[in-house]
Amino acid sequence: MKGEEPVDDIISYIVKMALPALFGALLWAVSRPWRRACLEKKDQTGGPYREGAVLLFFMFLAGLLALTLTPAGFWDAVLSGQSPQLPRPFQGGINLIPIRQSWELLCYYIRNGLWSAVWINFPGNVIMFLPIGFFAALLSDKPKWWKSTLWTAALSLFIEVFQLFISRGTDVDDLILNALGGLFGFWSFIALHWLLPDVASKCAKV
């Protein structure tokens, strides 16, 4: 059923992010002494809540990069026990004109009832980067909306440029939607600070 396709896609993305997320956890553990030393130099410490937030951030970031910095179909091949195909670079499409192409694509998807594609290409591109803006605010000394948006946009720009080398589509609209996700991530942090102020404050440096 078409109505179930977005749910299937979400589950598929979570599965593909799971193994790289374990690498992110390993990186968190290895880097912990260095991060602790950096805080001590500034006469600061990070409590268990903060370390837990850093762990979740490392795991999510590792999963996100694994999805976006590999060729299309890479993880499908890996999970099915096949050898992934590595395409030649600079074979993907490039869109540098904002809005127009995405609008045409959205209209095409809606006319043909391709709701899963609508979800992945539009709200999916916002939601996928929302945690980046959220953690940028949660782990910052002075959280600001423009910092969350800028950090998210910088990461998105890096991904979009890198995708030129793995022949995935490079699209300015993805950059816009990802940056919007970073902004929404900041407002998610504001909501957390309002609803659970103790949790938010415990994630700060002391």
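A count of helical and extended segments in the protein chain gives 10 helices and 2 strands. For a compact globule of 206 residues, the expected C-alpha radius of gyration is about 17 Å, and the protein chain comes in at 19 Å, within 12% of that figure. Dimensions of the protein chain, computed from C-alpha atoms along their principal axes, come out at roughly 55 × 40 × 35 Å. Within the protein chain, contacts between residues at least 6 apart in sequence are counted, and of these 76% link residues at least 24 apart. Accessible area of the protein chain: about 12,600 Å², with a carbon and sulfur share of 70%. The averaged location of the 15 negative side-chain charges in the protein chain is 9 Å from the averaged location of its 17 positive side-chain charges.

Where two aromatic rings form a pair, the distance of their centres and the angle of their planes describe that pair. With the rule as written, the count across this model stands at 9 aromatic pairs. Relative to Trp-187, the ring of Phe-186 has its centre 5.4 Å away and its plane inclined at 75°; by these criteria the two rings are edge-to-face. Each ring, one from Phe-186 and one from Phe-189, has its centre 6.3 Å from the other, and the planes form 45°; the classification is tilted. Residue Phe-186 and its partner Phe-189 are located together in helix α9 (residues 172–195), separated by 3 residues, close to a single helical turn. Of the two residues, Phe-186 and Phe-189, neither departs from the other in class, the shared state being buried.

Glancing now at the pattern of salt bridges. Tallied over the entire structure, the rule returns 3 salt bridges. Put simply, Lys-16 and Asp-76 hold a salt bridge, and the shortest N to O gap is 3.0 Å. In this pair, Lys-16 is assigned in helix α1 (residues 5–41) and Asp-76 in helix α3 (residues 74–79), connecting sequence segments 60 residues apart. For Asp-76, a relative accessible area of 44% translates into the label partly exposed. Residues Glu-51 and Arg-35 are paired through a salt bridge, measuring 3.0 Å at the closest nitrogen-oxygen approach. Residue Glu-51 is located in helix α2 (residues 48–68), and its partner Arg-35 is located in helix α1; the two are separated by 16 residues in the primary sequence. Classification of Arg-35 as buried rests on a relative accessible area of 13%. Overlapping salt bridges, with partners in common, bring together Arg-32, Arg-35 and Glu-51 in one network.

Each value, and the rule that gives it
- Residues numbered from 1 in each chain as written.
- Predicted model: local features only at pLDDT ≥ 70, side-chain atom pairs only at ≥ 80, totals over all residues.
- Heavy atoms only, no water.
- Helix = DSSP H or I, 4+ residues; strand = E, 2+ residues; numbered from the N terminus.
- Rg over C-alpha atoms; globule rule 2.2 N^0.38 Å.
- Contact = heavy atoms within 4.5 Å.
- Areas by Shrake-Rupley, 256 points an atom, 1.4 Å probe, with all protein chains shown as cover.
- Lys, Arg positive; Asp, Glu negative; His and termini not counted.
- Charge placed at Lys NZ, Arg CZ, Asp CG, Glu CD.
- Phe/Tyr/Trp six-rings, centres within 6.5 Å; stacked < 30°, edge-to-face > 60°.
- Buried < 20%, exposed > 50% of the residue type's maximum accessible area, 1.4 Å probe, protein only.
- Salt bridge = Lys/Arg side-chain N within 4 Å of Asp/Glu carboxyl O.

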